[in-house]
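# Fold and contact review
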Amino acid sequence: MDEQKKSSALSEVAGVEGQSSINPNLSHFKHKRQREDSTSLVERMREGDRSALSRAITIVESTRPADYPLADELVTACLPHSGKSIRIGITGVPGVGKSTFIERFGRQWIEKGHKVAVLAVDPSSAKTGGSILGDKTRMNLLSQEEDAFIRPSPSAGSLGGVARKTRESIILCEAAGYDIIIIETVGVGQSEISVKRMVDLFVLLLLPGAGDELQGIKRGIMEMADVIFLNKADSGQERKAQLAAGEVRRALKLYPEDPRGWTVPVQPISAMDGTGLPEALDEIEKFQRHMTLKGHWDQLRSEQAAWWFDDTVGEFLKAHWFAQEDKKAAYEAALKSVSTGEMSPLAAARKLFS
Ligand SMILES: Nc1nc2c(ncn2[C@@H]2O[C@H](COP(=O)(O)OP(=O)(O)OP(=O)(O)O)[C@@H](O)[C@H]2O)c(=O)[nH]1
Ligand SMILES: [Mg+2]
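Figured I'd write up the structure that's included with this text. (Residues numbered from 1 in each chain as written. Chains lettered and ligands numbered in written order. Predicted model: local features only at pLDDT ≥ 70, side-chain atom pairs only at ≥ 80, totals over all residues. Heavy atoms only, no water.)

## Remarks on the state of the cysteines
To keep things clear, this is the line we draw: Here, a disulfide means two cysteine sulfur atoms that sit within 2.5 Å of each other. Note on classification: 1.4 Å probe, protein chains only; a residue is buried when its accessible area is under 20% of the maximum for its type, exposed when over 50%, partly exposed between these limits.
Applying the stated rule across the entire model yields zero disulfides. The structure places no disulfide on Cys78, whose sulfur is separated from the nearest cysteine sulfur, that of Cys173, by 9.5 Å. Note on Cys173: relative accessible area 0%, which makes it buried.

So this is what it looks like as structure tokens:
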């Protein structure tokens, strides 16, 4: 990571500037104004005002330390109203049909009386400043639904920072009454682990064409999937998709058994013409019933919350360390001796903390 990126990633989590030097005479008004802001924003969000939800997410995504207190207030105010949703992660290689799938799948949930929010974790947009504009047009019908909310991925910060904010945005969406939360991520290996840690179930989309495609998907991602769909089972590819599904099922048999007693379903679908989509929704409801019945649902969520807390504390510790000039200099010196081979990474780290 270059210097500039590193310092912006760190100041993103530090949250120290701008809070410590408030004039005590003004701080009362500042806090009062913030409280009023967050209260009325949360009220409007809960009444179904999508622009209020958008604004709240913008505050939560902000990398300006001055926005952190308000962001924290918003999330804290939303927490008691959150949690009552199914959080679904969707992954698969670029072009597999994730957005097309979400477009139809989301509308199916809405037809059943649900409210659907779509968020994205996209490491490429974190670098380039966003690709979701294309996604919004691909989810054209869904984005016109009253009961849908589609949010571009945060376009600034490190993947870790982006993912952390997406997780907070889930809480805001839930408080705003969205009970189906869909997170799209690009299947390139970096963002899946973060998304897996914020969702109840993880859907992997694959392409038919058998063997070759399987190699394109990292084994680790296959292992993370709770449900697998072979997309594009249409236009003469139906048989190929069936064969590929059989092959994936056989490949999964080589993995250790799921201790939760869940067998990953593998189904061909067509996100384009809708074939297999009602069954896809059934599989997801089946998964939810299975996990809830066995107590795994709540257990997973509490483990995830603990993991995110731990991860964030780690980032904060690092940020506070680097905020101190002498510590930063000691780190730079240690890094240099590690790079030149003078010290081992372990010895250098030990020295830094001695
Ligand atoms: N034949 C066929 N084409 C499909 C299907 N689903 C998606 N496509 C097409 O595949 C292309 C990519 O679809 P997207 O939904 O944008 O794929 P994506 O996985 O979201 O792509 P990225 O966001 O770029 O990673 C588009 O041209 C779609 O029309 C399907 O079920 N059948
Ligand atoms: Mg997409």
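## Describing the pairing of strand β6 (residues 227-230)
The following threshold applies: Strands here mean DSSP runs of E at least two residues long; helices mean DSSP runs of H or I at least four residues long; both are numbered from the N terminus. Strands were regarded as paired on the criterion that DSSP finds at least two bridges between them. We call a crossover right-handed when, viewed with both strands directed away from the observer, the connection leading from the first strand over the helix to the second proceeds clockwise.
Side-chain alternation along β6 places Val227 and Phe229 on one buried face and Ile228 and Leu230 on a second face that is also buried. Here strand β5 (residues 201-206) pairs with β6 via four bridges, running parallel. Bridge pairing in β6 links Leu205 to Phe229. In this fold, β6 hands off to helix α13 (residues 238-253), which returns the chain to strand β7 (residues 266-268); that crossover is right-handed.

## With respect to the side chain of Ser194
The line we're drawing: Residues count as neighbours in contact if any of their non-hydrogen atoms are within 4.5 Å of one another.
Topologically, Ser194 is positioned in helix α10 (residues 192-196). Ser194 sits in the buried class, given a relative accessible area of 13%. Discounting chain neighbours no more than four positions away, the residues touching Ser194 are Ala163 and Trp308.

## Side note on the environment of Ala233
Along the chain, Ala233 turns up in the loop between β6 and α13. Look at Ala233 and you get buried, because its relative accessible area is 9%. Ignoring sequence-local partners within four residues, the contact set of Ala233 consists of Glu238, Ala241, Pro268, Ile269 and Ser270.

## Here we look at a nonpolar patch on the surface
Rules: Patch definition: residues with relative accessible area over 30% and no salt bridge; like charges joined within 9 Å; nonpolar side chains (Val, Leu, Ile, Met, Phe, Trp, Tyr) joined within 5 Å. Exposure was quantified through the Shrake-Rupley algorithm and a 1.4 Å probe, taking into account, for residues, occlusion by the shown protein chains and nothing else. Salt bridges are defined as contacts in which a side-chain nitrogen from Lys or Arg sits within 4 Å of a carboxyl oxygen from Asp or Glu.
Together, Phe309, Val313 and Leu317 line one region of the surface with nonpolar side chains, adding up to about 320 Å² of accessible area. Assignment of secondary structure puts Leu317 in helix α15 (residues 296-322). Here Leu317 falls in the exposed class, since its relative accessible area comes to 59%.

Geometric values such as these leave the question of function open.
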